[in-house]
Amino acid sequence: MKIPKNCPICDKEWLNTNGNLSCVNNDHVISFTFIQNTGELWGITLRFDNDKRAHFFLKRKEITISCFTTDLLTSIYIPFFEPDLSNYEALIAKIKTYMLFL
Ligand SMILES: [Zn+2]
């Protein structure tokens, strides 16, 4: 997967933390995590609805959704697909559609 030069949602420059790229904004949080030795892309995390995170594990071809509620942390799996970051709202809508069927 090609890594966008800037945040694909707001076009801001990435925040680079130990080689991992992220953008933290009021209406979106996105981060790319890389394997330290090889530089290979390991996963992408998106935050949505304030209390939910979607984790795309690209190598394992798994997507998990974490939901942070007041005292409970739950993690669920949805079917794997490659995230299309060119349309963030459509991507979040797709994730939510999958979540409806769980
Ligand atoms: Zn951004």
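Before any of the text, the structure's been laid out above.
Rules of the game
- Residues numbered from 1 in each chain as written.
- Predicted model: local features only at pLDDT ≥ 70, side-chain atom pairs only at ≥ 80, totals over all residues.
- Heavy atoms only, no water.
- Helix = DSSP H or I, 4+ residues; strand = E, 2+ residues; numbered from the N terminus.
- Expected span 1.5 Å × (residues − 1).
- Buried < 20%, exposed > 50% of the residue type's maximum accessible area, 1.4 Å probe, protein only.
- Arc of directions from axis to C-beta.
- Pairing = 2+ DSSP bridges.
- Salt bridge = Lys/Arg side-chain N within 4 Å of Asp/Glu carboxyl O.
- Donors = N, O, S within 2.8 Å, 3.2 Å for Na, K, Ca; no water.
- Tetrahedral: all angles 85-135°; square planar, octahedral: opposite > 155°, others 65-115°.

A. A look at helix α1 (residues 88-100). A rise of 1.5 Å per residue sets the reference length of α1, with its 13 residues, at 18 Å; its end C-alpha atoms lie 19 Å apart and thus fit the reference within 8%. Turning to α1, its buried residues are Tyr88, Leu91, Ile92 and Ile95. Taken around the axis of α1, the buried residues stretch over an arc of 95°, which confines them to a single face. For α1, exposure combined with an orientation more than 90 degrees from the buried face picks out Glu89 and Leu100.

B. Region of interest: the pairing of strand β6 (residues 62-68). With five of its seven residues buried, β6 lies for the most part within the structure. One ladder, built from six bridges, connects strand β5 (residues 52-57) with β6; its direction is antiparallel. Bridge pairing links Phe57 to Glu62 in β6. Two successive antiparallel strands, β5 and β6, enclose a turn made up of four residues, where Lys61 displays a positive phi of approximately 55°.

C. Representation of the pattern of salt bridges in the model. By the definition in use, this model includes five salt bridges. We note a salt bridge from Lys59 to Glu40, for which the minimum N-O separation is 3.5 Å. On the criterion of sequence distance, the pair formed by Lys59 in the loop between β5 and β6 and Glu40 in the loop between β3 (29-34) and β4 (41-48) is long-range, its members being 19 residues apart. Taking the relative accessible area as the measure of exposure, Lys59 reaches 53% and is therefore exposed. The partner of Asp51 in a salt bridge is Lys52, and the shortest N-O contact between them spans 3.2 Å.

D. Spotlight on the coordination of the zinc ion. Within the protein, Cys7 (SG), Cys10 (SG), Cys23 (SG) and His28 (NE2) serve as the donor atoms for the zinc ion, at 2.2 to 2.3 Å. One can describe the site at the zinc ion as tetrahedral: its four donor atoms subtend angles covering 105 to 112° at the metal. Here the donor residues of the zinc ion share one chain and are spaced in sequence as C-x2-C-x12-C-x4-H. Looking at Cys7, the relative accessible area reads 1%, which means it is buried.

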